[in-house]
Amino acid sequence: MTLTIHDLRKEPGSYLPGSAACPGCGATLAFRIASRVLGPNTVYVVPASCFSVIQSPFPKSAISAPLYNIAFPAAAATASGVYRAYKMLGKDVNVVVWAGDGGTVDIGIQALSGAAERGENILYVCYDNEAYMNTGIQRSGATPLLAWTKTTPSGKREMPKDMPMIVAAHRVPYVATASVGYPFDLANKFEKAKKIKGFKYIHIFSTCPPGWNSPVSKTAEVAKLAVDTYFWPLYEIENGKLRITVKPKKRPLREFLELQDRFRGLTEREIEELEKIVMEKWNFLLHLEKSERVF
Amino acid sequence: MGLGVPIIVPVSKPSKGAAGKTGLWRVERPVVNEDKCIKCWLCWLYCPEDVISEGDNGFPKIDYTFCKGCGVCADVCPTKAIQMVREEE
């Protein structure tokens, strides 16, 4: 069954207005939609990230669901424990890790890999704003090639880690990428993940207007363009079988890059190089889609 | 054990406006033109702050106490029914 806007509007969310998030935050947009799909029977585990701040200062919280704040590297391990504790009490609860890209790709990868290998029944969500935004825009393992951050003032020289594929290589039942520019695709992936038993992983491309220096009002447009230019392909790997969920008509990568000042000053050659990398990845995914099992 | 130290459990309680009246951050306010609105609710879907709800007349209603004025609703509106208007002093 495919979720529609009417289904989403009926469900209560776990996000309350008036949080400390920046205007136009992609992470709150993703959380609003995800929490409506996951429903009230959900416990969140949040490592240090923007989302620890978005909850707002003690004694108030902008999240109306039970939420456990934990240290940077411990999110997946904590979620494993939370799920098992509820199981001992005889309760079946969705346990969801809501982590940033730093807490997933760099600092949290060890616990994440361990939980995936053990096959814990949790959903790990990485909302990826492609740098350490909370501490002031430092590069992370998810920052794309040639992007400006405060620690890569002339553009990052290294390729980002392909985190969804790293998790998929653990042979977990469900891995998906999503984007806040395609909210229905995102909602349906959460709906699917909710019903699967075992370790699930969803990687959300989440716009960060202050960090990317993109216009505040273009949060959705930037995230949509990322998909339409094949910069961020949307796919899911269910029991080893890869399927590209959105196949838009290709638009020039320049349209996506021009909206963000973090890519300002790229030379023609660098844009061509990025375009080539993007197309290589897309063709690779098309190739993988044809095979019976990816992992 | 009477240690005489007050024990505070660090548990936050859910509340609207946990970071205060965030509407004060706004530079421009979104205004809905009900003649143009087709009630597709895309503004509701894309609002990062969850401040858009259905008003009594069935059209989108914006909670200006918490709306941060990011303008995502105006950007995604297919009929351009939402205008960003500069806040007066």
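Here the structure is a predicted model, which is why all the values come from computation and not from measurement.

Student: Just checking my understanding: could you explain the interface of chain A and chain B for this structure?
Tutor: The figure often quoted for interface size is the accessible area lost as the parts come together. Between chain A and chain B, the contact holds 32 residues from the first and 30 residues from the second. Every element with two or more residues in the side of chain A that touches chain B is listed here: α1 (5-10), α2 (26-38), β2 (60-61) and α10 (219-228) of chain A. A breakdown of the residues in the side of chain A that touches chain B according to their chemical character gives 16 nonpolar, 11 polar and 5 charged. Looking at chain direction, β2 of chain A and strand β1 (residues 13-14) of chain B are connected through 2 bridges and run parallel. Note that in β1 of chain B the partner of Ser61 of chain A across the bridge is Pro14 of chain B.

Student: How should I be thinking about the environment of Val53 of chain A in this particular structure?
Tutor: You can see Val53 of chain A is positioned in helix α3 (residues 50-54). Excluding anything up to four places from it in sequence, Val53 of chain A contacts Ala20 and Asn134 of chain A.

Student: Can you walk me through unusual backbone geometry in this structure?
Tutor: A negative phi angle is the norm for most residues apart from glycine, just as the trans form is the norm for most peptide bonds. All names here are of chain A. The omega angle of the peptide bond from Phe58 to Pro59 is 5°, so this bond is cis rather than trans. Along the chain, the position of Pro59 falls in the loop between α3 and β2. Phi angles above zero are rare outside glycine, and Arg171 is one such case at about 60°. Positionally, Arg171 belongs in the loop between α7 (163-168) and β6 (174-179). When the 17 C-beta atoms within 10 Å are taken as the criterion, Arg171 is described as partly exposed.

Student: What exactly am I supposed to notice about the packing of α2 of chain A against helix α8 (residues 183-195) of chain A here?
Tutor: For any two helices packed against each other, the geometry comes down to the angle between their axes and how far apart the axes lie. Residues and elements named next belong to chain A. Closest axis-to-axis distance for the α2/α8 pair is 9 Å, and the angle between their directions is 40°. The angle between α2 and α8 falls in the class oblique. The two elements α2 and α8 cross, and the hand of that crossing is right-handed. Residues Ala30, Ile33, Ala34, Val37 and Leu38 of α2 pack against Pro183, Leu186, Ala187, Phe190, Glu191 and Lys194 of α8.

Student: Before we go on, may I ask you to explain α8 of chain A in this structure?
Tutor: Since the α-helix advances by 3.6 residues per turn, residues separated by three or four positions end up pointing in the same direction. Between its first and last C-alpha atoms α8 of chain A spans 19 Å; for 13 residues at 1.5 Å apiece the expected length is 18 Å, and the two agree. Listed as buried for α8 of chain A are Pro183, Leu186, Ala187, Asn188, Lys189, Phe190 and Ala193 of chain A.

Student: Quick question: what am I supposed to make of the sheet that holds strand β4 (residues 94-100) of chain A here?
Tutor: Pairing between sheet strands relies on hydrogen bonds along the backbone, with the strands arranged either parallel or antiparallel. Residue and element names in this part refer to chain A. Sheet architecture is open: 8 strands sit in the order β3-β1-β4-β5-β7-β6-β8-β9, paired in mixed fashion. Each edge of the sheet is formed by a strand with only one pairing partner; in this case those strands are β3 (67-70) and β9 (241-244). When the angles between neighbouring strand axes are averaged without regard to direction, this sheet yields 20°. Strand direction decides the pairing type here: β4 and strand β5 (residues 123-128), joined by 5 bridges, are parallel. When the bridges of β5 are listed, Gly100 appears paired with Tyr127.

Student: Help me out: how do you make sense of the confidence of the model for chain B in this one?
Tutor: When pLDDT drops low, the exact placement of atoms in the prediction is not to be read closely. Per-residue pLDDT for chain B averages 92, and the proportion of residues at 70 or more is 98%. Model confidence for the complex: the whole-complex pTM is 0.94, and ipTM, which rates the interface, is 0.91.

Student: I tried to follow the packing of helix α4 (residues 75-88) of chain A against helix α6 (residues 109-118) of chain A on my own but got confused; where do I start?
Tutor: All names here are of chain A. Relative to each other, α4 and α6 sit at 40°, their axes nearing to 6 Å. The angle between α4 and α6 falls in the class oblique. Here α4 contributes Ala75, Ala76, Ala77 and Ser80 to the contact with α6, which in turn contributes Ala111, Leu112, Gly114 and Ala115.

Reading the values: the criteria
- Residues numbered from 1 in each chain as written.
- Chains lettered and ligands numbered in written order.
- Predicted model: local features only at pLDDT ≥ 70, side-chain atom pairs only at ≥ 80, totals over all residues.
- Contact = placed C-beta atoms within 7 Å.
- Helix = DSSP H or I, 4+ residues; strand = E, 2+ residues; numbered from the N terminus.
- Nonpolar A, V, L, I, M, F, W, Y, C, P; charged D, E, K, R; others polar.
- Pairing = 2+ DSSP bridges.
- Buried ≥ 20, exposed ≤ 12 C-beta atoms within 10 Å, placed from the backbone.
- Axes fitted to C-alpha atoms, helices over the stretch in contact; angles between N-to-C directions.
- Parallel < 35°, antiparallel > 145°, perpendicular 65-115°, else oblique.
- Left-handed = near helix turned anticlockwise from the far one by under 90°.
- Expected span 1.5 Å × (residues − 1).
- pLDDT = per-residue confidence, 0-100.

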